[in-house]
Amino acid sequence: MQIAGIGRFIFWEGGSLWIGLAAAAGDRHAHHAIQLSLGLSGAVQFRPDASLPWTRYAAAVIPSDLPHIFQAPGNQVAQIFVEPESVTGGKLLQRFGTDAIAALDEDEARSLATPLAAQYNDGADDETLAATATQTLARLAGDAGPLQRTTDARIVAAIEEIWRRLDEPLTLAEIARVAGLSEGRLRHLFVEQTGVPFRAYVLWARLNRALGLGYTGTSWTEAAHAANFADSAHLTRTCRRMFGLAPTALRLDHTLQSTRMLA
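Residues numbered from 1 in each chain as written. Predicted model: local features only at pLDDT ≥ 70, side-chain atom pairs only at ≥ 80, totals over all residues. Heavy atoms only, no water.

The helix and strand tally for the chain stands at 10 helices and 10 strands. Its C-alpha atoms give the chain a radius of gyration of 18 Å, near enough to 18 Å, the size a compact globule of 263 residues would have. Dimensions of the chain, computed from C-alpha atoms along their principal axes, come out at roughly 55 × 45 × 40 Å. Scored against the burial criterion, the 263 residues of the chain give a buried share of 50%. (Helix = DSSP H or I, 4+ residues; strand = E, 2+ residues; numbered from the N terminus. Rg over C-alpha atoms; globule rule 2.2 N^0.38 Å. Buried < 20%, exposed > 50% of the residue type's maximum accessible area, 1.4 Å probe, protein only.)

Here it is, written out as structure tokens:
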């Protein structure tokens with residue numbers, strides 16, 4: 001299998017970070033999370049589909065559910081993901097919009113990338129990198145002003161129940177009861193508030209749970225079952241569709257010595 005990158009994948013509630021050396025381009029894909037793509041040692045490149053030329057960015061913000069292809073061959077990069085339902089995610093959507101990839105100017109990109117690059121190359125632990133990544137998102141969202149829209153409390157309750165039960169089957173009817181809504185109203189309000197259908201969101205949440213387990217030492221079969229995927233093949237197909245690559249295409253590198261070799 002062609003390796004798409006060598007680095008570290010770190011998960012926390014509402015977000016994640018992949019940081020390391022990019023290799024091969026991924027497939028065309030779209031994901032529910034907002035993505036901040038930072039070039040740490042060179043440009044990152046995106047295009048909407050394979051028929052169009054690559055566009056180079058010092059850093060870019062990719063809104064929710066926007067199809068794209070990514071590459072940054074031979075460059076060190078940081079990919080930070082945040083849920084659009086979060087306060088930070090809402091402010092990012094206010095600042096950058098929802099319809100197209102947004103470019104950051106080189107000065108802002110450099111100021112955001114420098115701390116992450118320094119920590120990664122010095123072998124910082126996952127907790128430190130996660131804290132810096134969340135601070136990076138907060139800095140990026142800081143100029144957007146007060147959030148104009150908050151997620152409906154009933155949808156918040158539904159999302160919390162979804163995440164609590166990712167290891168088991170669940171139905172729209174069960175989540176509707178938790179939210180205090182009819183199935184039809186939940187279906188409509190869920191799309192209105194999150195931008196994706198209920199089932200698509202559940203699949204996205206399951207994928208994040210499985211990846212979080214798989215990249216922290218759980219076997220891919222066990223990780224798949226823990227997030228209620230049928231098997232590791234089902235997990236791999238879902239990951240390809242949502243991230244453009246298989247989970248095993250990202251080779252992990254946790255050691256200080258080999259991490260420094262990526263610089």
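Time to look at the packing of helix H1 (residues 87–96) against helix H3 (residues 126–141). Viewed as axis vectors pointing N to C, H1 and H3 meet at an angle of 40°, and their least axial separation amounts to 9 Å. Relative to H3, the element H1 is oriented oblique. Judged by the sense of rotation from one axis to the other, the crossing of H1 with H3 is left-handed. Counting all contacts with H1, which are made through Thr88, Lys91, Leu92, Arg95 and Phe96, the residues of H3 involved are Leu137, Ala138, Leu140 and Ala141. Per-class residue counts for the contact of H1 with H3 are six nonpolar, one polar and two charged. (Axes fitted to C-alpha atoms, helices over the stretch in contact; angles between N-to-C directions. Parallel < 35°, antiparallel > 145°, perpendicular 65-115°, else oblique. Left-handed = near helix turned anticlockwise from the far one by under 90°. Contact = heavy atoms within 4.5 Å. Nonpolar A, V, L, I, M, F, W, Y, C, P; charged D, E, K, R; others polar.)

So, about the side chain of Asn208. Mapped onto the elements of the fold, Asn208 is located in helix H7 (residues 198–214). Its relative accessible area of 10% is what places Asn208 among the buried residues. A polar contact of 3.0 Å, which involves the side chain of Asn208, links it to the backbone oxygen of Trp204. Not counting residues within four places of it along the chain, the set of residues in contact with Asn208 comprises Phe11 and Trp163. (Polar contact = N/O pair within 3.5 Å; in protein donor to acceptor, adjacent residues only side chain to side chain.)

In this model, H7 (17 residues) spans 24 Å end to end at C-alpha, consistent with the 24 Å of a helix rising 1.5 Å per residue. In terms of burial, H7 is largely enclosed, as 12 of its 17 residues are buried. Of all the positions in H7, only Phe198, Tyr201, Val202, Trp204, Ala205, Arg206, Leu207, Asn208, Ala210, Leu211, Gly212 and Gly214 are classed as buried. Looking at the buried positions of H7, the neighbouring elements they touch are strand S1 (5–12), helix H4 (153–164), helix H5 (172–179), helix H6 (183–194), helix H8 (220–226) and helix H9 (232–243). (Expected span 1.5 Å × (residues − 1).)

Moving on: the side chain of Thr132. By the element assignment, Thr132 lies in helix H3. For Thr132, a relative accessible area of 8% puts it in the buried group. Side-chain polar atoms of Thr132 contact the side chain of Gln119, separated by 2.7 Å. The contacts of Thr132, once residues within four sequence positions are left out, are Pro115, Leu116 and Gln119.

Moving on, we get to the pattern of salt bridges. Inspection of the entire model under this criterion finds 10 salt bridges. Between Glu106 and Arg110 there is a salt bridge, with its nearest N and O atoms 3.8 Å apart. With Glu106 and Arg110 both in helix H2 (residues 106–121), this residue pair falls four residues apart, about one helical turn. One salt bridge connects Arg165 with Glu168, and the closest N-O pair in it is separated by 3.1 Å. (Salt bridge = Lys/Arg side-chain N within 4 Å of Asp/Glu carboxyl O.)

We now examine unusual backbone geometry. Phi at Asp65 is positive, roughly 60°, even though this residue is not glycine. According to the relative accessible area criterion, Asp65 is partly exposed, its value standing at 32%.

Pairing between the strands of a sheet comes from backbone hydrogen bonds, and it takes one of two forms, parallel or antiparallel. Read across the open sheet, the seven strands follow the order S9-S6-S3-S8-S2-S1-S10; overall the sheet is mixed. Only two strands of the sheet have a single partner each, and these edge strands are strand S9 (102–103) and strand S10 (250–252). In terms of strand pairing, S1 meets strand S2 (residues 15–22) through eight bridges, oriented antiparallel. Across the sheet, Phe11 pairs through a bridge with Ser16, a residue of S2. (Pairing = 2+ DSSP bridges.)

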